[in-house]
Amino acid sequence: MSVTKIALVGIGKIARDQHVPTIAASDRFELVAAVTGHQPPEGIPGYRTIAEMVQAHPEVQAVSICTPPRGRMQVIAEALSHNLDVMIEKPPAATISEAETFAGMARDAGRVFYATWHSREAAAVEPAKQWLDGKTIRRVEVNWKEDVRVWHPGQAWIWEPGIGVFDPGINALSVLTHILPLPMMLQSAELRFPSNRDAPIAADLDYTHGDAPVRVEFDFDQRGPQTWDIVIETDAGHLKLSEGASKMAVDGEAVAVDDDPEYARLYRHFAKLLDARQSDADLSPFRHVADAYLLGRRREVGPFEE
Ligand code: NAP
């Protein structure tokens with residue numbers, strides 16, 4: 001088995017919480033360097049730019065980009081110009097137009113590009129997709145509610161236009177677009193903007209999936225227990241995905257799924273893409289976010305304080 005020497009770009013919460021330990025535990029990847037404006041992870045050399053990093057470490061073959069979505073275009077272009085394969089955190093970009101260029105840029109450079117969706121790697125996602133196969137879906141209900149103060153403490157970028165509650169919400173959309181057999185079509189939406197912010201703190205979205213209604217509720221102001229649930233009623237039973245699709249129950253009975261962590265699977269998928277020299281850039285969850293901004297009625301709510 002070959003080992004891919006990889007560098008992380010952007011050392012923030014998710015890089016430290018997930019990427020660094022996942023790469024450390026992997027025998028398929030070796031973390032060689034970090035590109036950061038601040039402190040690199042302990043024991044890893046840090047560089048200000050990809051160009052500086054590549055000069056010091058010409059052995060690096062791939063980068064995993066963990067910066068916020070805005071500004072990715074320049075980072076990806078720089079990585080490709082240095083012949084690096086690229087994986088990026090979700091959401092892929094600041095705009096659909098930008099995101100749509102990435103796979104083509106990578107193809108022209110002869111590199112692999114992977115737009116990741118970590119929630120699609122949650123343990124119950126593939127079992128749920130298999131269970132739904134051949135069944136008629138009657139109703140879908142999603143409650144994806146978490147506390148922004150816990151998951152994004154002090155992050156200014158999370159309140160930039162186009163982000164807000166859709167940063168976690170896109171995780172639910174990435175699961176739905178993977179497990180549901182038909183495309184969902186947005187019918188109406190309400191986006192609730194705090195009076196002092198440029199992005200919504202909550203959103204209610206009503207879709208159709210064939211004849212079935214799909215009700216999606218996102219909230220970024222959920223205190224106490226956090227809720228990441230998807231319920232799907234079919235002609236042959238009731239499926240519940242909970243804890244971010246890491247757990248699954250059918251008709252109230254828990255179904256055993258393996259407990260492989262999401263980010264371990266994410267890096268295994270990147271390894272497969274590298275072996276096959278193939279890219280994976282499904283933008284469907286991101287398109288749903290754009291649809292929500294297109295159709296969503298805006299309502300102002302009270303100010304958000306950290
Ligand atoms: P974060 O803690 O704010 O870290 C982002 C890092 O990106 C910063 O530390 C900085 O790294 C770099 N950066 C470059 N340009 C920046 C800018 N204009 N503003 C802020 N940081 C900038 O964010 P995060 O929570 O790790 O999220 C990063 C990405 O991962 C996002 O796309 C997010 O959706 C995704 N994600 C986050 C979580 C989560 O729970 N937080 C979960 C899954 C996915 P340096 O200091 O190294 O320069």
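Residues numbered from 1 in each chain as written. Predicted model: local features only at pLDDT ≥ 70, side-chain atom pairs only at ≥ 80, totals over all residues. Heavy atoms only, no water.

The name an unreviewed UniProt entry gives the protein is Galactose 1-dehydrogenase, with Stakelama pacifica as the organism.

1. Overview of the site of the ligand
In the vicinity of the ligand lie 23 residues, with Ile 11, Thr 36, His 38, Lys 90 and Asp 167 positioned nearest. Contact between the ligand and Ile 11: an oxygen atom at 2.7 Å from a main-chain N or O atom of the residue. Take Lys 13: an N or O atom from its main chain is 2.8 Å from an oxygen atom of the ligand. Burial of the ligand by the surrounding chains reaches 77%, relative to a free accessible area of 870 Å². (Near = heavy atom within 4 Å. Polar contact = N/O pair within 3.5 Å; in protein donor to acceptor, adjacent residues only side chain to side chain. Areas by Shrake-Rupley, 256 points an atom, 1.4 Å probe, with all protein chains shown as cover.)

2. Things to note about the layout of surface pockets
Roughly 1000 Å³ of internal volume is contained in the largest pocket. Around the largest pocket, the lining is made up of 39 residues, and of these Ile 14, Gln 18, His 118, Trp 151 and Tyr 263 lie nearest the centre. Going through the elements one at a time, helix H1 (13-25), helix H7 (166-179) and helix H8 (262-276) are the ones with two or more residues in the lining of the largest pocket. Counted by class, the lining of the largest pocket contains 15 nonpolar, 14 polar and 10 charged residues. Approximately 380 Å³ is the volume attributed to the second largest pocket. Contributing to the lining of the second largest pocket are 19 residues, with Arg 120, Glu 121, Glu 126, Arg 265 and His 269 lying nearest its centre. At the level of secondary structure, the elements contributing two or more residues to the lining of the second largest pocket comprise strand S6 (113-115), helix H5 (125-132) and H8. (1 Å grid on protein atoms, 1.4 Å probe; cavity = no way out; pocket = protein on both sides within 12 Å on 5 of 7 lines; lining within 4 Å. Points joined across faces, edges and corners; volume = space filled by probe spheres on them. Helix = DSSP H or I, 4+ residues; strand = E, 2+ residues; numbered from the N terminus. Nonpolar A, V, L, I, M, F, W, Y, C, P; charged D, E, K, R; others polar.)

3. As for the pattern of salt bridges
Throughout the structure, instances matching the rule amount to 23 salt bridges. A salt bridge links Asp 204 to Arg 192; its shortest N-O distance comes to 3.2 Å. With Asp 204 in strand S9 (residues 202-209) and Arg 192 in strand S8 (residues 185-194), this pair connects stretches of sequence that are 12 residues apart. A single burial state applies to Asp 204 and to Arg 192, both of which are buried. With its nearest N and O atoms 2.5 Å apart, the salt bridge here joins Arg 265 to Asp 258. (Salt bridge = Lys/Arg side-chain N within 4 Å of Asp/Glu carboxyl O. Buried < 20%, exposed > 50% of the residue type's maximum accessible area, 1.4 Å probe, protein only.)

4. As for the packing of aromatic side chains
Under the definition given, this model contains 9 aromatic pairs. Consider the rings of Phe 29 and Tyr 267, whose centres lie 5.4 Å apart with planes at 75 degrees: the pair is edge-to-face. Placement of the pair is Phe 29 in strand S2 (residues 29-35) and Tyr 267 in helix H8, with a sequence separation of 238 residues. Grouping residues by exposure puts Phe 29 and Tyr 267 together as buried. Residues Phe 102 and Phe 113 carry aromatic rings whose centres are separated by 5.7 Å and whose planes lie at 65 degrees to one another, so their mutual orientation is edge-to-face. One end of the pair, Phe 102, is in helix H4 (residues 96-109); the other, Phe 113, is in strand S6, with 11 residues separating them in the sequence. Judged by relative accessible area, Phe 113 falls into the buried class, the value being 1%. Feature note: the residues Phe 29, Tyr 114, Tyr 267 and Phe 270 constitute an aromatic cluster, connected by ring pairs. When the ring centre of Trp 131 is taken as reference, the NZ or CZ atom of Lys 135 above it lies at 4.1 Å. (Phe/Tyr/Trp six-rings, centres within 6.5 Å; stacked < 30°, edge-to-face > 60°. Lys NZ or Arg CZ within 6 Å of the ring centre and 35° of its normal.)

5. Some details on unusual backbone geometry
The general pattern is negative phi for most residues beyond glycine and trans for most peptide bonds. For the bond from Lys 90 to Pro 91, the omega torsion is -20 degrees, close enough to zero to count as cis. Backbone geometry places Asn 83, a non-glycine residue, at a positive phi of 60 degrees. A relative accessible area of 48% means that Asn 83 is categorised as partly exposed. Even without being glycine, Ala 245 reaches a positive phi, approximately 70 degrees. With respect to the element layout, Ala 245 can be found in the loop between strand S12 (237-242) and strand S13 (247-250).

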